Amino acid sequence: MCTAGAAADDGGAATGGATTGGADTADNGGSAAAPSSAALNPPQVTITIDSPETLKPSKKCNFRSRLQWVLAPILTAVTGLILYYQGPWYGVATLYASLVATLLVRPGWRWFYIAAVTTPRDTVALFAYIRVLMFIKRQERKNLNIGDIFEANVARQPDKLAIVSESQQWTFRQVNEHSNRVANVFHSHGYKKGDVVGLLLENRAEFVATWLGLSKIGVITPLINTNLRGASLQHSIVVGQCTAVIYGASFRSAVMDIAKDLPAHVGLYQFNDEPSQEMVASEGLSQGLAQQLNGLLETAAKDKVAAGASRADHHDKLVYIYTSGTTGLPKAAVITHSRYFFIAAGIHYTLGFKDQDVFYTPLPLYHTAGGVMSMGQALLFGSTVVIRKKFSASGYFSDCARFQCTVGQYIGEMCRYILATPAAPHDRKHQVRMVFGNGLRPQIWPQFVERFGIQKVGEFYGATEGNANIMNNDSTVGAIGFVSRILPQIYPISIIKADPHTGEPLRNSQGLCERCEPDEPGVFIGKIVRGNPCREFLGYVDQKASSKKVVHDVFAKGDMAFISGDLLVADERGYLYFRDRTGDTFRWKGENVSTSEVEAQLSNLAGYKDVIVYGVSIPHTEGRAGMAAIYDPAREVKVSQLGEELAKSLPTYARPQFLRFLRRIDLTGTFKLRKVELQQQGFNPELIEDELFYVQPDGAYAPLTLSVYERILRNELRF
């Protein structure tokens, strides 16, 4: 049982541009000792995670099973009611009474032990979940939107800092005044509830204030990835059905390059990020293609939104957030006001955030993690959020110390980049008590928390467009979340059997899906319940794309679930571990190879460098051979030693058969590594300029020349 999460592989941000690892972005240095083979595989005994429907007893069930089914939801509901009306201590007492009652009707002594060791974790999670539901219900009952809650915070603490960066310090009053100006400008230009205005702006206070202002008149704002150019940028504007686009002067050239190819009805508004840009950013304005937004804002009313403006309701659309684009062009995921409440409040209560916390996020604000999970703490709970235009590994904890941050955020490969930086005085001279995010690999988790003195790690998993969101609330190394073993029906998620290569669910003779057996990876799904903000599936703007993420007739005819496309595995205590993306896992020598696990081990051996592992086809050979692309432009990795080190940490079938040393690398906007083009190029030296190596029978690697490649094609070299 867990709450909110966001942004796994397919959710959150649009495709990032080409990024090279420099000292300011990914400080790829340092070294690490080879991890033990046990580090590769955290405890992985998959359990059955049942949904409510499947827990209902059949006619063959005995009395004790029937009694447990009846008692569990009743006692849980009573717990919530008493917690709401009588306070937390009464809730605790009732919860433990519930657990005892459930234990009495659940057979099996092993279950008693599991219940005992997981009760503290589940208790904390249950209270958090109840608080989230109560919070959302209050807003729904009053039909409140994000702007309503934010304005209440403004009234309570107008002069408290809301958004801080290297160059800005905006109070709640300033954010509100700017948002009112934006609302009034676009209201006067005829924009109304349901219209769509795209936003292409760097990380700065005006980014948040702009979409917040548009939301006050019911306008939906697609948050466009700032790395996009050309066809990808045009696609994002068109697929979001934008009627206008606000862009920063920094992106003037990118917008002007596609301006004439956009639909004629799309209006353009240029915002000068800095005063110095007023003179130089004139292209497009002089040609009549765009309007200058700064001047319009200066003359607009700042105290309140015009009386005649439309207003957004609680369940109306708020923003569109684009997927990472790792499998094609970005898709626009729908975030409603109610969904924003759920994501931000879910992580707030589950991880125990405090209103007085100062949050640090170097993530892009067009992404769910930075723009909702962190920024939501300011908008909904009145906290201060420190942002940064561009992530810096060497500057992460120095920034936290400088701005007195208490909670830090990470995503993707950020923690590995930070860990690879040289030791510095600020490593422990900060006030950060907790970090949270998605992508902290278990192979470096202990080293990271030890070096930087982190008390708690909140690793989460989910997708922006999905409803199968989970969270690790007790810092269990490697776990991305959990589900209660005591009352699994509280949060209906499951791991089902599926083809690891295609992600297609495997069905039984009745045409229904089947849960995984212990220690069996499967695809993670979340039951869809219409009208429930925790279980609703909002999908994408493109309904055809949305339909591909829904699986029907899961455990009963007519039911539906969101299918994540990720392979997960669970242990006996209900902790869930990420195994791989469906399609990334490949089969070699009769074994399934998890690319994410090999990448983590190889990165450790290569001094925390970027590593991408994928399967390639070899003629006359069954399965796909492993190939690892290592970003090492300075060529620091010693190939002569790598084979021996891999033999100590990976089984034979998992060791890469080919190595490629990259001179440049592409990352998405959420710091995920892209592998599609690399996989298409295979190991052909005629197509690849980078250094290539192949494994020899003794495990050592040798240069892969054109003559060697031709011998492989003729089946003269076998693997």
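Here, every reference points to the structure presented above.
All values derive from a computational prediction rather than experimental measurement. Think of each chain on its own: its residues are numbered from 1, step by step along the sequence as written. Under the rules for a predicted model, residues below a pLDDT of 70 receive no local features and side-chain atom pairs below 80 are neither given nor counted, while totals for whole chains, interfaces and linings still include all residues. The basis for every side-chain value is the complete set of heavy atoms in the structure, and neither hydrogens nor water enter the calculation.

Moving on: the overall build of the protein. Helix and strand labels come from DSSP, where a helix needs a run of H or I of at least four residues and a strand needs a run of E of at least two; each type is numbered from the N terminus. Across its full length, the protein carries 21 helices and 30 strands. Partly exposed residues are those whose accessible area sits between 20% and 50% of the maximum for their type, while under 20% is buried and over 50% is exposed, using a 1.4 Å probe and protein chains only. A burial count over the protein gives 60% of its 719 residues as buried. Counting contacts in the protein only where the partners sit at least 6 residues apart, residues at least 24 apart contribute 73% of the total. The Shrake-Rupley method, run with a 1.4 Å probe, gives the accessible areas here. Residue values count only the displayed protein chains as cover. Within the structure as shown, the protein displays about 27,600 Å² of accessible surface, and the carbon and sulfur contribution to it stands at 52%. Only heavy atoms enter the contact rule, under which two residues are in contact if any of them lie within 4.5 Å.

Under this scheme, a helix contributes an axis fitted over its contacting stretch, all axes are lines through C-alpha atoms, and angles between N-to-C directions fall in the 0 to 180 degree range. Between helix α4 (residues 109-141) and helix α12 (residues 337-350), the shortest axis-to-axis distance is 9 Å and the interhelical angle comes to 145°. As α4 runs across α12, the sense of the crossing is right-handed. Residues Ala128, Arg131, Val132, Phe135, Ile136 and Gln139 of α4 form the contact with α12, whose participating residues are Phe341, Phe342, Ala345, Gly346, Tyr349 and Thr350. Crossing handedness is defined as follows: a turn of the near helix away from the far one that is anticlockwise and smaller than a right angle gives a left-handed crossing, while the clockwise case is right-handed.

Next up on the list: helix α16 (residues 445-452). Helical periodicity: at 3.6 residues per turn, an α-helix aligns residues three or four positions apart in one direction. For α16, the set of buried residues is Trp445, Phe448, Val449, Arg451 and Phe452. The buried residues of α16 occupy an angular sector of 165° when projected down its axis, which confines them to one face. Once α16 finishes, glycine 453 follows within two positions and takes phi at roughly 65°, a positive value. Starting at the helix axis, one direction is taken to each C-beta atom, and the arc is that of these directions.

This next bit is on the nonpolar core. Where a protein is soluble and globular, its nonpolar side chains tend to be buried together. Among buried residues, those of type Ala, Val, Leu, Ile, Met, Phe, Trp, Tyr and Cys that are joined through side-chain atoms within 4.5 Å constitute a nonpolar core. Among the nonpolar cores identified, the biggest contains 128 residues, and Phe186, Trp211, Tyr340 and Met375 are the most heavily contacted of them. Residues in contact with methionine 375, not counting those within four places in the same chain, are Ile163, Val208, Tyr340, Leu365, Gly370, Val385 and Ile387. Listed in part, the 45 residues of the second largest apolar core include Leu602, Leu605, Leu650 and Val695.

What follows concerns the sheet that holds strand β12 (residues 384-387). Adjacent strands of a sheet pair through backbone hydrogen bonds, lying either parallel or antiparallel. The criterion for strand pairing is that DSSP finds at least two bridges linking the strands in question. Ordered in space as β3-β2-β12-β11-β13-β14-β15-β16, the 8 strands form an open sheet in which the pairing is mixed. Strands with a single pairing partner mark the edges of an open sheet, and in this sheet they are β3 (169-171) and β16 (470-471). One ladder, built from 2 bridges, connects strand β11 (residues 358-361) with strand β13 (residues 407-411); its direction is parallel. By the bridge assignment, phenylalanine 359 is partnered in β13 with valine 407. Helix-sheet contacts for helix α13 (residues 368-381) involve β2 (161-164), β11, β12, β13, β14 (434-438) and β15 (456-461), and the interaxial angle to β13 is about 165°.

Here the focus is the pairing of strand β29 (residues 691-695). For β29, a buried count of 4 out of 5 residues is recorded, marking the element as mostly surrounded by other parts of the structure. Inspection of the sheet shows strand β27 (residues 658-662) paired to β29 by 4 bridges, in the antiparallel sense. Residue pairing for β29: leucine 659 is matched across the bridge by phenylalanine 693. Bridge count between β29 and strand β30 (residues 701-703): 3 bridges; the pairing is antiparallel. Within β30, the position partnered with tyrosine 694 by the bridge is alanine 702. Between β29 and β30, which follow one another and run antiparallel, lie 5 residues, and glycine 699 among them has a positive phi close to 95°.

With that settled, consider the environment of glutamate 686. For glutamate 686, the position within the fold is in the loop between α20 (676-681) and β29. Expressed as a C-alpha distance, the spacing of glutamate 686 and leucine 706, which sit 20 residues apart in the sequence, is 7.2 Å.

What follows deals with the pairing of strand β4 (residues 197-200). Alternating positions in β4 separate into two faces, Val197 and Leu199 on one and Gly198 and Leu200 on the other, with burial throughout. In terms of strand pairing, β4 meets strand β6 (residues 244-248) through 4 bridges, oriented parallel. Its bridge partner being in β6, leucine 199 is matched across the sheet by isoleucine 246.

By the secondary structure assignment, glutamine 657 is in the loop between α19 (639-649) and β27. Residue class for glutamine 657 comes out buried when judged on its relative accessible area of 9%. If near-sequence neighbours (up to four positions away) are discounted, glutamine 657 is found in contact with Trp588, Ala625, Gly626, Thr652, Phe693, Tyr694, Val695, Tyr701 and Phe719.

With that out of the way, let us pick up the environment of histidine 501. Position of histidine 501 relative to the elements: it lies in the loop between β18 (493-496) and β19 (522-527). Taking the C-alpha atoms as reference, histidine 501 lies 8.9 Å from arginine 587; in sequence the two are 86 residues apart.

Each aromatic pair joins two rings of Phe, Tyr and Trp (for Trp, the six-membered one) with centres within 6.5 Å, and gets the label stacked for planes under 30 degrees apart, edge-to-face for over 60, and tilted for any other angle. A full pass over the atoms with the stated rule returns 24 aromatic pairs. Between tyrosine 349 and phenylalanine 381 the ring centres are 5.8 Å apart and the planes differ by 90°, which places this aromatic pair in the edge-to-face class. Within this pair, whereas tyrosine 349 is found in helix α12, its partner phenylalanine 381 is found in helix α13, the two being separated by 32 residues in sequence. By relative accessible area, which is 7% here, phenylalanine 381 ends up buried.

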